[in-house]
Amino acid sequence: MRLIIKQYLYFTVLFLIGMGNISCGSKQDLTPDREEPIEQPEPETNILKEKASFGIGAAIKTSLMNENGYTQTLQKHFSQITAEWEMKMDAIWNSSTNYQWTGADKLIDFAINNELDVHGHTLVWYKSFPSWFKNAGYDSIAFENHVKTYIKTVVERYKGRVISWDVANEIFNDNGSLRITDCPVYATFNDPIAFYGRCFQYAHEADPDAKLFYNDYSVVIAPGKRNAIKNMVQRFKAEGIPIHGIGDQFHYRVNNDKSTLRNGLNDMASTGLLIHISELDIVMNVDKSDSYVFTEAEAKKQSEMYKHIAEIYSALPAQQKFAISLWGVTDKHTWLTGSWHPKEYPLLFDQSYQPKEAYKGFLSGLN
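All figures in this text were calculated on a predicted structure; none of them were measured in a lab. (Residues numbered from 1 in each chain as written. Predicted model: local features only at pLDDT ≥ 70, side-chain atom pairs only at ≥ 80, totals over all residues. Heavy atoms only, no water.)

Asker: Residue-level account of unusual backbone geometry, with values.
Answerer: Residue Thr122 is reached from His121 by a cis peptide bond, and omega for that bond is -5 degrees. Within the secondary structure layout, Thr122 lies in strand 5 (residues 117-125). Positive phi, normally seen in glycine, also occurs at Glu170, with a value near 55 degrees. Within the secondary structure layout, Glu170 lies in the loop between strand 6 (164-169) and helix 8 (184-188). Classification of Glu170 as buried rests on a relative accessible area of 9%. (Helix = DSSP H or I, 4+ residues; strand = E, 2+ residues; numbered from the N terminus. Buried < 20%, exposed > 50% of the residue type's maximum accessible area, 1.4 Å probe, protein only.)

This is the structure we're talking about:
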């Protein structure tokens with residue numbers, strides 16, 4: 001009898017333990033699996049610097065920084081700035097021993113305070129040699145020594161704060177010949193290209209981390225100029241001269257042939273160097289007409305051209321895309337109303353700092 005009771009208790013305990021295990025297991029099995037959250041696609045940005053995988057720059061003037069809308073537009077849409085004129089030689093170099101830093105310093109401070117990169121423009125340009133320098137009558141040795149001192153003084157001052165420099169600017173005619181008229185370099189040196197190469201070397205010695213560019217206009221539409229630049233690049237590479245990029249200003253017109261722009265840009269990129277669209281604006285009033293009106297149809301044409309330029313640049317090899325820089329912020333202050341025609345509307349923002357159709361086109365072409 002005791003044996004029967006013991007066996008009964010033994011099997012009862014086993015049964016209860018088994019029921020407990022089943023019950024526990026059932027709770028786990030019945031607990032619904034947590035669903036992983038579905039990742040939502042990022043909303044399409046309408047900010048230039050957020051969409052581009054490269055720098056988006058603008059040429060600026062410090063005299064406009066107090067204007068309502070100016071700095072706000074810069075801060076919101078751009079990642080890089082260039083001095084429109086305040087870092088050119090004749091704005092800085094008052095005499096062989098005196099430098100005027102006020103404008104350049106203000107620009108650099110603004111960039112630092114707003115986390116903007118600075119592209120330095122420009123160290124050597126035939127139009128910006130100061131009058132006191134051109135009238136001094138220096139021989140080639142004195143000429144180069146003064147320029148060397150200038151380059152090193154400027155580049156060392158902004159070392160680590162300017163990421164890149166246009167070392168030389170506009171030294172070729174459209175047919176590829178060197179500039180003769182009003183160019184003191186050509187008048188002083190038997191081998192001007194060698195002199196410009198040494199200028200690159202001086203800039204590199206002053207700041208080894210800065211990217212160094214040659215900058216010019218009409219590069220993608222003037223084969224003679226483009227070939228001369230490519231030959232210069234080959235010579236510099238062969239001689240160990242540090243050159244990192246080429247800038248084309250892209251002061252083009254709305255009726256420029258789109259395939260010519262694309263093919264010329266790709267030919268520039270065949271150098272393997274960084275490519276900078278350095279001074280972009282698009283002339284609309286191509287005939288300089290006093291009766292020109294910037295209609296909706298004209299705005300659409302401008303938008304399509306800006307989109308095309310953004311697309312052909314975005315299609316370049318990733319490692320060669322440096323930046324696209326607009327030559328100004330707003331139509332209100334474009335240089336073209338003085339140098340081309342008063343009725344001109346070449347930029348992405350209108351006179352009230354509102355984005356134009358051109359902005360939308362440019363944005364849609366970026367990737």
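Asker: So, helix 11 (residues 258-269): which residues are in play, and what are the values?
Answerer: With 12 residues, helix 11 should cover 16 Å at 1.5 Å per step; its first-to-last C-alpha distance of 17 Å lies within 8% of that length. Turning to helix 11, its buried residues are Leu261, Gly264, Leu265, Met268 and Ala269. Down the axis of helix 11, the buried side of the element spans an arc of 145 degrees, and every buried residue falls inside it. Buried positions along helix 11 lie against helix 10 (223-239), strand 8 (245-248), strand 9 (251-253), strand 10 (274-283) and helix 12 (296-314). (Expected span 1.5 Å × (residues − 1). Arc of directions from axis to C-beta. Contact = heavy atoms within 4.5 Å.)

Asker: Describe the pattern of salt bridges, listing the residues and the values that go with them.
Answerer: Applying the stated rule across the entire model yields 14 salt bridges. Where Arg198 meets Glu144, a salt bridge forms, and the shortest distance between an N and an O atom there is 2.6 Å. On the criterion of sequence distance, the pair formed by Arg198 in helix 9 (residues 192-206) and Glu144 in helix 7 (residues 140-157) is long-range, its members being 54 residues apart. By relative accessible area, which is 31% here, Arg198 ends up partly exposed. (Salt bridge = Lys/Arg side-chain N within 4 Å of Asp/Glu carboxyl O.)

From the geometry alone we can't say anything about function, so treat these as descriptive.
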